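Structural overview for review
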Amino acid sequence: MGLGIKKEDTIVVIAGADKGKRGRVLDVHPAKERLVIEGIHMIKKHMKPNNTYKQGGIIEKEAPIRISNVMLVCSKCDKPTRIGHKILENGVKVRTCNKCGEVTD
Ligand SMILES: [Zn+2]
């Protein structure tokens with residue numbers, strides 16, 4: 001993915017059961033091409049009692065979803081967009097919004 005979706009980005013889900021939902025990116029797994037999104041693709045997990053969950057039992061937790069199932073939401077125009085890139089005058093590579101053309105970093 002290179003400079004694709006990063007932690008703390010806002011994305012919208014474009015396929016699957018959570019289609020249309022927005023969320024904040026909590027984690028990126030580039031090798032697996034998956035993302036963990038806050039509040040998206042919640043799965044129930046059985047926990048043994050430990051220091052965090054004294055009682056154990058079932059908790060709900062975000063499961064990773066495929067990067068191809070989400071689009072970045074532009075921080076400038078608030079629309080789902082494909083990510084473009086450009087090099088600034090100082091040589092820094094930044095991400096741009098293909099909808100409004102603004103830098104989204
Ligand atoms: Zn935009």
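The shown structure was predicted, so the numbers you read here are calculated from the model rather than taken from an experiment.

Let's talk about the overall build of the protein chain
- Within the protein chain, the secondary structure is distributed over zero helices and 10 strands.
- Ordering the α and β elements of the protein chain from the N terminus gives β-β-β-β-β-β-β-β-β-β.
- Each principal axis of the C-alpha distribution contributes one length, and for the protein chain these read about 55 × 30 × 20 Å.
- Looking at the 105 residues of the protein chain, the share that counts as buried comes to 30%.
- Considering only intrachain contacts with a sequence separation of at least 6, the fraction spanning at least 24 residues in the protein chain is 35%.
- Accessible area of the protein chain: about 7,100 Å², with a carbon and sulfur share of 50%.
- Both charge centroids of the protein chain, one from 21 positive and one from 12 negative side chains, sit 5 Å from each other.

Things to note about the sheet that holds strand E8 (residues 80-81)
- What the six strands build is an open sheet, ordered E6-E3-E2-E1-E7-E8; its pairing is antiparallel. With one partner strand each, in any of the chains shown, strand E6 (65-66) and E8 form the two edges of the open sheet.
- Note that strand E1 (residues 10-13) and strand E2 (residues 22-29) share three bridges and pair antiparallel. Bridged to Thr10 within E2 is Arg24.

Things to note about the nonpolar core
- Within the largest apolar cluster, 11 residues are counted, these being Ile5, Ile11, Val13, Val25, Leu35, Ile37, Ile40, Ile65, Ile67, Val70 and Leu72.
- Ignoring sequence-local partners within four residues, the contact set of Leu35 consists of Ile5, Val25, Asp27, Val28, Ala63, Pro64, Ile65, Ile67 and Val70.

What to know about the pairing of strand E10 (residues 93-97)
- Burial analysis of E10 places four of its five residues in the buried class, which makes it a mostly covered element.
- For strand E9 (residues 83-87) and E10, the ladder comprises five bridges, and the chain directions are antiparallel. Bridge pairing in E10 places Ile83 opposite Cys97.
- Counted along the chain from E9 to the antiparallel partner E10, the turn is five residues long, and its residue Gly91 has a positive phi close to 90°.

Criteria and thresholds
- Residues numbered from 1 in each chain as written.
- Predicted model: local features only at pLDDT ≥ 70, side-chain atom pairs only at ≥ 80, totals over all residues.
- Heavy atoms only, no water.
- Helix = DSSP H or I, 4+ residues; strand = E, 2+ residues; numbered from the N terminus.
- Buried < 20%, exposed > 50% of the residue type's maximum accessible area, 1.4 Å probe, protein only.
- Contact = heavy atoms within 4.5 Å.
- Areas by Shrake-Rupley, 256 points an atom, 1.4 Å probe, with all protein chains shown as cover.
- Lys, Arg positive; Asp, Glu negative; His and termini not counted.
- Charge placed at Lys NZ, Arg CZ, Asp CG, Glu CD.
- Pairing = 2+ DSSP bridges.
- Core = buried A, V, L, I, M, F, W, Y, C linked by side-chain atoms within 4.5 Å.

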